[in-house]
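# Chains, contacts and geometry: an overview
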Amino acid sequence: MEDHVIVEMYWRRNPEAIRETAKAYGPYCKTIARNILHDARDAEECVNDTWLGTWNAIPENRPTLLAPFLGKITRNLAFNRYKSARAEKRGGGEFPLVLEELSECVSANDTVQTLEAAELGQAVSRFLYTLPERDCNVFLRRYWFGEPLAKIAGRYGMRENSVKTCLYRSREKLRQYLEKEEVL
């Protein structure tokens, strides 16, 4: 089913919209949540919360692209769940590594809140358009989807060290870009 049809179903408050969204975007949202949370049950709960968040958000918003809209809701919910769990116990996983890597470019004091700042988010989006397509995709796979380096390497036929180098160079370019834009 096409995005505009699903959005129209939400707009008309048709409960079938949730079922259609889950069918079309469930695996996408689950991957985002699982990459951040590293727990299947937490990821599943996060995705279910995404459907509720979408139900509540769409009457005020009418997204033209549903995937990024859902991805943002899922990421925010997963970040909140992650921070909550992290406050209770210190855990491992890929997400702390992602935040540590990005702390080279943005404030290390509270990277998650800094990343959520609107001005910084817009600057990062503009920066991504300056990267070659593969570098942009690698950057997004790591820092939007939270994918492990090995998975990114396999996806793009690269060695893991090449992915690390690509990400390092992109972070350096991002840091310079943000300084030039006076965001930092």
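Quick summary incoming for the structure in this document. (Residues numbered from 1 in each chain as written. Predicted model: local features only at pLDDT ≥ 70, side-chain atom pairs only at ≥ 80, totals over all residues. Heavy atoms only, no water.)

## Considerations on unusual backbone geometry
In this structure, R13 takes a positive phi of about 65 degrees despite not being glycine. Relative to the helices and strands, R13 is located in the loop between α1 (3–11) and α2 (16–37). Given the relative accessible area of 34%, R13 is considered partly exposed. Notably, H38 is not glycine yet its phi reads approximately 55 degrees, a positive angle. You can see H38 is positioned in the loop between α2 and α3 (40–57). A relative accessible area of 41% places H38 in the partly exposed class. (Helix = DSSP H or I, 4+ residues; strand = E, 2+ residues; numbered from the N terminus. Buried < 20%, exposed > 50% of the residue type's maximum accessible area, 1.4 Å probe, protein only.)

## Observations concerning the environment of E45
Checked against the element boundaries, E45 lands in helix α3. As for E45 and R81, which are separated by 36 residues in sequence, their C-alpha atoms are 9.9 Å apart.

## Some remarks on the state of the cysteines
Counted under the stated rule, the structure contains zero disulfides. Its sulfur unpaired, C136 is 10.0 Å from the next cysteine sulfur, which belongs to C166. A relative accessible area of 13% places C136 in the buried class. Judged by relative accessible area, C166 falls into the buried class, the value being 7%. (Disulfide = S-S within 2.5 Å.)

It is worth stressing that arrangement in space is one thing and function is another; only the former is reported here.
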